[in-house]
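Given next are the chains, with one letter for each unit.
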Amino acid sequence: MVVASQSEASAGTVSGHLTPGPILLLGAPGAGKGTQAKALVKEWGIPQISTGDLLRSNFERGTELGRQAKVLMDRGELVSDDLVNQMVTDRLKEPDTARGYILDGFPRTLGQANWLDGHLTAHTGALPVIAISIRVSYNQLLRRITGRRICPVCQTIYNVYLQPPKVDEVCDKEGAHLVRRSDDSKEVFDERMRAYESLTAPVIEHYRKLGRFEAVDGELEVDAVSAGVMTAIARLRG
Ligand code: AMP
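Residues numbered from 1 in each chain as written. Predicted model: local features only at pLDDT ≥ 70, side-chain atom pairs only at ≥ 80, totals over all residues. Heavy atoms only, no water.

## What about the sheet that holds strand E1 (residues 21–26)?
To keep things clear, this is the line we draw: The pairing criterion for strands is at least two bridges between them, as found by DSSP. Strands here are runs of E lasting at least two residues and helices are runs of H or I lasting at least four, both read from the DSSP assignment and numbered beginning at the N terminus. Working convention: axes come from line fits to C-alpha atoms, limited for helices to the stretch in contact. Angles between N-to-C directions cover 0 to 180 degrees.
The five strands are arranged E2-E3-E1-E4-E7 in an open sheet whose pairing can be described as parallel. With partners counted over all chains shown, the strands left at the sheet margins are strand E2 (48–50) and strand E7 (213–217), one partner each. With direction set aside, neighbouring strand axes in the sheet form an average angle of 25°. Bridging between E1 and strand E3 (residues 100–104) involves five bridges; their strand directions are parallel. Along E3, the bridge assignment pairs Leu-25 with Asp-104.

Here it is in structure tokens:
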């Protein structure tokens, strides 16, 4: 269990007047980046940009990018920087990103981080990016990932160990048979952890050195983690 700092543990509300700007949520697979991104969307009405979701949506729409990405995703490997950077460039052109946005799962390599820094510098007036890392221990991540099940109809996320449905493998709301993401097996999880440790951990160091980084304890209750994330953002934007 990661111990929360005093300020994380006592996190309270954050000024609604704050302009959030670009916020990176970093963390290992299963750390809760998506869940916390949704809390920030609710707080500030800015979009969540998940590169994993964008890639999955490309695959579902049958694009060439989606087909290329799926092979790598199913092995737990990263998609090339060029492909992902281009996808993010296109998404950042949308007008809903003007006050800020939450990047969930991007940047995952130093190359992507350098590209993003350059991209933002080129857009004068943009606030600098700030990075929040959600820290969760290996055993907890493993349970979250290998236990994760999703309702194919309403997208509700369950966990067979931590938050099971009333009837095994069946959605409480829709009665649909729950599905598993194709990359949520133990083998692929281990590969994703290797990619995270070798390629994404240096991204954390990059933003730490720039003084634009904070870590929060991701093993607390969801609301307490959200409070920690918002307090960290307020401090970094203060
Ligand atoms: P996620 O949904 O964030 O867990 O991402 C699922 C998979 O999509 C990852 O294991 C990678 O294969 C791919 N992916 C997502 N974001 C990136 C990124 N920023 N760079 C490279 N590959 C990515």
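Having seen it, we continue.
## Section: the site of the ligand
Short version of the rule: Definition of nearness: a residue and a molecule or strand are near each other if at least one heavy atom of the residue lies within 4 Å of the molecule or strand. The term polar contact refers here to a pair of N or O atoms within 3.5 Å; inside protein, the definition further demands a hydrogen-donor-capable atom paired with an acceptor-capable atom, and it admits residues adjacent in sequence only when both atoms are side-chain atoms. Shrake-Rupley sampling with a 1.4 Å probe provides the accessible areas, and residues are treated as covered by the protein chains on show and by no other component.
Near the ligand, the surroundings consist of 16 residues, among which Thr-51, Arg-56, Glu-77, Arg-108 and Gln-112 are the closest. A distance of 3.1 Å is found between a nitrogen atom of the ligand and a backbone nitrogen or oxygen belonging to Val-79. At 3.2 Å, a side-chain N or O of Arg-181 approaches an oxygen atom of the ligand. Surface burial for the ligand is 96%, taken as the share of its 480 Å² of free accessible area covered by protein chains.

## Considerations on the environment of Leu-103
Selection rule: Working rule for contacts: check all heavy atoms of both residues, and any pair within 4.5 Å makes them a contact.
Relative to the helices and strands, Leu-103 resides in strand E3. Along the primary structure Leu-103 and Pro-164 are separated by 61 residues, whereas in three dimensions their C-alpha atoms are 29 Å apart. If we skip the residues at most four places from it in the chain, Leu-103 touches Ile-23, Leu-24, Leu-25, Ile-49, Val-88 and Leu-116.

## Some thoughts on the packing of aromatic side chains
Convention followed: Pairing of aromatic rings covers Phe, Tyr and Trp, the last through its six-membered ring, and needs centres within 6.5 Å; plane angles under 30 degrees mean stacked, over 60 mean edge-to-face, and all others mean tilted. Here, a charge over a ring means that NZ of Lys or CZ of Arg falls within 6 Å of the ring centre while also lying within 35 degrees of the ring normal.
Per the stated rule, a full pass over the model turns up two aromatic pairs. On the basis of an interplanar angle of 80° and a centroid distance of 6.1 Å, the ring pair of Phe-106 and Trp-115 is categorised as edge-to-face. Both rings, one in Tyr-138 and one in Phe-189, keep their centres 5.7 Å apart while their planes meet at 50°; by these two values the pair is tilted. Remark: Phe-189 occurs in helix H8 (residues 186–209) and Tyr-138 occurs in helix H7 (residues 138–146); sequence separation between them is 51 residues. Sitting over the face of the ring of Phe-59, Lys-70 holds its NZ or CZ atom 5.1 Å from the ring centroid.

## Quick notes on the nonpolar core
Our working definition: Definition of nonpolar core: a set of buried residues of the types Ala, Val, Leu, Ile, Met, Phe, Trp, Tyr and Cys, connected through side-chain atoms within 4.5 Å. When a residue's accessible area, from a 1.4 Å probe over protein chains only, is under 20% of the maximum for its type it is buried; when over 50% it is exposed; and in between it is partly exposed.
Grouped together as the largest cluster of nonpolar side chains are 52 residues, with contacts concentrated most on Ile-132, Tyr-207 and Ile-233. In contact with Ile-233, other than residues within four places in its own chain, are Leu-18, Ile-23, Leu-40, Trp-44, Ile-130 and Ile-132. Residues Cys-151, Tyr-158, Cys-171 and Ala-176 belong to the second largest nonpolar core, which totals five residues.

Coordinates in, geometry out; function isn't part of it.
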